[in-house]
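Tertiary structure, described
One letter stands for each residue in the lines below.
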Amino acid sequence: MKVEVLYFSQVKDKVGKSSEIVDFNGNTVEDLINYLTKIYPDIRDILQKSMVAVNENYAEKDSILKENDKVAIIPPVSGG
């Protein structure tokens, strides 16, 4: 399945791009997160804490993805 993944903040910095088309085997947000963890092991911890939005709506890990969905990875934000 192909989806567009949008990266923000520290995830964007670590993967070196703001978005990409990903072709992976699976159909849930969790499947996608597991795939991204294998490709980018440096963001494993961040992905576990990140929110995910699918087509601009927050999604749970068991949410079903469809071909050409836009998936945003939104890492936690800290400030002071």
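See the structure printed just above.
Residues numbered from 1 in each chain as written. Predicted model: local features only at pLDDT ≥ 70, side-chain atom pairs only at ≥ 80, totals over all residues. Heavy atoms only, no water.

**Focus on the packing of aromatic side chains**
Each aromatic ring pair is specified by the distance between its two centres and by the angle formed by the two planes. All chains considered together, the criterion is met by 2 aromatic pairs. Pairing Y7 with Y40 gives two aromatic rings, centres 6.3 Å apart and planes at 85°, and the pair type is edge-to-face. Of the two residues, Y7 is situated in strand β1 (residues 2-7) and Y40 in the loop between α2 (29-39) and α3 (44-49); the sequence distance between them amounts to 33 residues. Residue classification places Y7 among the buried positions, given a relative accessible area of 1%. By relative accessible area, Y40 is classed as buried at 15%. (Phe/Tyr/Trp six-rings, centres within 6.5 Å; stacked < 30°, edge-to-face > 60°. Helix = DSSP H or I, 4+ residues; strand = E, 2+ residues; numbered from the N terminus. Buried < 20%, exposed > 50% of the residue type's maximum accessible area, 1.4 Å probe, protein only.)

**Structural notes on the pattern of salt bridges**
Evaluation of the coordinates by the stated rule reveals 2 salt bridges. For the salt bridge of K70 with E4, the shortest nitrogen-to-oxygen distance reads 3.9 Å. On the criterion of sequence distance, the pair formed by K70 in strand β5 (residues 70-74) and E4 in strand β1 is long-range, its members being 66 residues apart. Taking the relative accessible area as the measure of exposure, K70 reaches 45% and is therefore partly exposed. In this structure, E20 engages K17 in a salt bridge whose closest nitrogen and oxygen atoms are separated by 3.3 Å. Residue K17 is classed as partly exposed on the basis of its relative accessible area of 30%. (Salt bridge = Lys/Arg side-chain N within 4 Å of Asp/Glu carboxyl O.)

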